[in-house]
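Fold and geometry: a report
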Amino acid sequence: MKILIIEDEVKSALYLQKSLNESGYQVSVRHNGIDGLFMAQSGDFDLLILDVMLPGIDGWNLMERLRMNSAIPVLFLTARDSVEDRVKGLELGGDDYLVKPFSYAELLARVRTLLRRAPLRPQEFLTLGDLQIDVLKRRVQRAGQRVELTNKEFALLHLLVQHQGQVLSRSQIASQVWDMNFDSDTNVVDVAIRRLRAKVDDGFECKLIQTVRGMGYRIEG
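In this report, we go over the structure that sits alongside the text.

Calculation criteria
- Residues numbered from 1 in each chain as written.
- Predicted model: local features only at pLDDT ≥ 70, side-chain atom pairs only at ≥ 80, totals over all residues.
- Heavy atoms only, no water.
- Helix = DSSP H or I, 4+ residues; strand = E, 2+ residues; numbered from the N terminus.
- Salt bridge = Lys/Arg side-chain N within 4 Å of Asp/Glu carboxyl O.
- Buried < 20%, exposed > 50% of the residue type's maximum accessible area, 1.4 Å probe, protein only.
- Expected span 1.5 Å × (residues − 1).
- Arc of directions from axis to C-beta.
- Contact = heavy atoms within 4.5 Å.

Turning our attention to unusual backbone geometry. Residue K100 is joined to P101 through a cis peptide bond whose omega torsion reads -10°. Secondary-structure assignment places P101 in the loop between strand 5 (96-99) and helix 5 (104-117). Positive phi is not limited to glycine here, since R138 has a value of about 55°. Following the sequence through the fold, R138 ends up in the loop between strand 7 (131-134) and strand 8 (139-142).

Right, dumping it as structure tokens:
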């Protein structure tokens, strides 16, 4: 899980970075609001730990701008301890508010709670042997060669690789890829598998897509 800390006190930021790294998180740090906002908007982070008193853009302003296009969980970590400040931070879209000085054990507990609430990000890359899938760009390569797939073929391959090694029945495939109830008289799944095999397996010694008679299909290296 990736965390961004925006904190102008260098020692505090380095302490937090070191401690969170040791707790298993990948942590980046920025020391002013302008750089922090740019990093938060352009990076792929699971949580933002944000101070209020920052050079360039303060935490309040940064929060307002961030919430225009981002739902990243935000933990305010600041010396401003009035009730008004806490309310303001939460009303601007903050998810939690912790006052300095703080216990690291408490901060870690709050970080874990916020990360549990956050929706899971889809896996961006899937691999199986020499097969590579870029999920976001919807690109497929095998042994470095581009494989051109239709939308349904990509969805079918994506489903199989997500469950690599598992046998998926025709009804499971039909419901997930075509959003339809499987009719035993319909051969849409078999036809799609045949076309996908021709693109993914033909010309390669190792055949990835396998038929399990009487049960369905699976993919494995």
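Attention shifts here to the pattern of salt bridges. Following the criterion strictly, the structure yields 13 salt bridges and no others. A salt bridge links E7 to K100, with the nearest nitrogen and oxygen atoms 2.6 Å apart. One end of the pair, E7, is in the loop between strand 1 (2-6) and helix 1 (10-22); the other, K100, is in the loop between strand 5 and helix 5, with 93 residues separating them in the sequence. As far as the burial class goes, E7 and K100 line up, both buried. Among the salt bridges present, the one from R146 reaches E148, with a minimum N-O distance of 3.9 Å.

Right, let's get into helix 1. An ideal rise of 1.5 Å per residue puts 18 Å on 13 residues; helix 1 measures up with 18 Å between its terminal C-alpha atoms. For helix 1, the set of buried residues is A13, L16, S19 and L20. Relative to the axis of helix 1, the buried residues are bounded by an arc of 135° and lie together on one face. Among the exposed residues of helix 1, those pointing more than 90 degrees away from its buried face are K11, K18 and E22. Of the surrounding secondary structure, the elements contacted by the buried residues of helix 1 are strand 1, strand 2 (26-30), strand 3 (47-50), strand 4 (74-78) and helix 5. G24 occupies a position one or two residues after helix 1 and carries a positive phi of about 100°.

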